Amino acid sequence: MHEHWMELALRQAVRGYSAPNPLVGCVIVKDGEWVSSGFHLAAGLPHAEVEALRGASPKKLVGSDVYVTLEPCAHQGRTPSCAQALIEAKVARVIVAMRDPGIGKGGCKVLRAAGIEVIEGVLEDEARRLNAIWLSQFDRGRPFVTLKAAITLDGRLGPGLITNSLSRHRGRQMRAQHGAVLVGAETALMDNPMLTVREEFPMAEPPIRIVLDPRRRLPDDLKLFTDEKAPTWRVVSSTHAAPGDVVVPMRDGALDLGALLSRLTEAGIPGLLVEGGARTHASFHQQGLVDRLCLFLAPSWKGEGPVWDASLDGIKFSRVASQVLAEDVLIQYDVHGWRQRDPGPLNQP
């Protein structure tokens, strides 16, 4: 029975776009019946537990069971302590999927000290997969890297928009869930993208937009540099830097992408969505920095754009998930490891 209610909490959690915070869902149950539920929508807004508590009458909350996908936070940040809110609601039991390894840890201890029963580890693996992006900073010491591409059935990139509105909406949600989105100079020049989440995902801290421009050849009038809709990092080498640029060292003729990820970690960004192009995807792969591959397949044949060839041979995939988005299909591959082809100072095991 615990698994049933925790599954509902996980389904709630995935609705959010809370970077740099984790995705969290909560379900409150009393006498075996659903009472209320909630999820953490975005950073700075109420946490999942608070949303769920608000959806129930105080009488219903007394003696209830609370299912939450992440340990209730014990600290006072931009929002109050969720552990204290549960104590004040006089719930009887809190069932937790996984402990919080971050600044919110300690909630289980606080709850137990207040006489509330705590059960841990229910669907923990599923909860960890849900928050793979956020957990990367603790598990890997760097942001989670996802390569994203929209291709036709014959493997071509565009030209222009080839996916439907549902796919584009899902792609913007990915940007919001990672906290940063990146393209290479060729894609920036060819598409002149905005790389924003539009009005679909209102965020106090919109995802950082990053463009790799090692020789600083891109014109300054691109939307990324002029629209002021989100922070933009122009990543350049030290020999071509100008005021305001993000300088990253060069190694073996390429930008050190690991150093870029370190800068994102310092900025508190949990994930990086790499949207293109194929050469940029290949660079992340060659430096051993790929955690997930997301392909949006559009139902068209003989596309007119360039062939997507990110040279991803050697990647070992461990898990596959798919989602039908009307005529489009989203396929997600989690990377299990790499077979190194050319070991060097930038490659990681």
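As the structure is a prediction and not an experimental result, all values here were calculated from the model.

**A look at helix H11 (residues 257–266)**
Then, number 1: Taken as a whole, H11 has its buried residues at Leu257, Leu260, Leu261 and Leu264. Burial along H11 is one-sided: seen end-on, the buried residues are contained in an arc of 100 degrees.
Then, number 2: The opening residue of H11, the one whose side-chain oxygen lies 3.1 Å from the backbone nitrogen of Gly258, is Asp256.
Then, number 3: Downstream of H11 by one or two residues, Gly268 has phi in the positive range, about 80 degrees.

**So, the layout of surface pockets**
Then, number 1: A volume near 750 Å³ is recorded for the second largest pocket.
Then, number 2: As for the second largest pocket, its lining consists of 33 residues, of which Val14, Arg129, Leu130, Arg170 and Arg292 are closest to the centre.
Then, number 3: Where the lining of the second largest pocket is concerned, the elements lending two or more residues are helix H1 (2–13), helix H6 (124–130), helix H7 (132–139), helix H8 (165–178), strand S14 (292–298), strand S15 (315–325) and strand S16 (328–338).
Then, number 4: The residue inventory of the lining of the second largest pocket, partitioned by class, reads 16 nonpolar, ten polar and seven charged.

**A look at the pairing of strand S9 (residues 232–236)**
Consecutive side chains of a regular strand alternate in pointing toward one face of the sheet and then the other.
Then, number 1: Within S9, four of the five residues are buried, leaving the element largely enclosed by the surrounding structure.
Then, number 2: Taken together, the four bridges between strand S8 (residues 208–212) and S9 define a ladder with parallel strand orientation. In the sheet register, Arg209 faces S9, and the bridge partner there is Thr232.
Then, number 3: Pairing of S9 with strand S10 (residues 246–247) involves two bridges; the strand directions are parallel. When the bridges of S10 are listed, Val236 appears paired with Val247.

**Points about the confidence of the model for the chain**
Then, number 1: Across the chain, the average pLDDT comes to 91, with 96% of residues at 70 or higher.
Then, number 2: Across residues 338–349, confidence stays below pLDDT 50; counting only partners more than four residues off in sequence or on other chains, it has 26 contacts.

**A few points about the side chain of Asp291**
Then, number 1: Topologically, Asp291 is positioned in the loop between helix H12 (278–286) and S14.
Then, number 2: By relative accessible area, which is 6% here, Asp291 ends up buried.
Then, number 3: Among the polar contacts listed, one links the side chain of Asp291 to the side chain of Arg142, at a separation of 2.9 Å.
Then, number 4: Apart from the residues within four sequence positions on either side, Asp291 is in contact with Arg140, Arg142, Pro143, Phe144, Val145, Tyr333, Asp334 and Val335.

**What to know about the pattern of salt bridges**
Then, number 1: Evaluated as defined, the whole model comprises 20 salt bridges.
Then, number 2: For Arg216, the salt bridge identified is with Asp220, shortest N-O distance 3.9 Å.
Then, number 3: Arg234 is the salt-bridge partner of Asp220, the closest N and O atoms lying 2.6 Å from each other. In this pair, Asp220 sits in the loop between S8 and helix H10 (223–226) while Arg234 sits in strand S9, placing the two residues 14 residues apart along the sequence.
Then, number 4: What you see here is one network of salt bridges that share partners, running through Asp213, Arg216, Asp220, Arg234 and Asp245.

The rules behind these values
- Residues numbered from 1 in each chain as written.
- Predicted model: local features only at pLDDT ≥ 70, side-chain atom pairs only at ≥ 80, totals over all residues.
- Heavy atoms only, no water.
- Buried < 20%, exposed > 50% of the residue type's maximum accessible area, 1.4 Å probe, protein only.
- Helix = DSSP H or I, 4+ residues; strand = E, 2+ residues; numbered from the N terminus.
- Arc of directions from axis to C-beta.
- Polar contact = N/O pair within 3.5 Å; in protein donor to acceptor, adjacent residues only side chain to side chain.
- 1 Å grid on protein atoms, 1.4 Å probe; cavity = no way out; pocket = protein on both sides within 12 Å on 5 of 7 lines; lining within 4 Å.
- Points joined across faces, edges and corners; volume = space filled by probe spheres on them.
- Nonpolar A, V, L, I, M, F, W, Y, C, P; charged D, E, K, R; others polar.
- Pairing = 2+ DSSP bridges.
- pLDDT = per-residue confidence, 0-100.
- Contact = heavy atoms within 4.5 Å.
- Salt bridge = Lys/Arg side-chain N within 4 Å of Asp/Glu carboxyl O.

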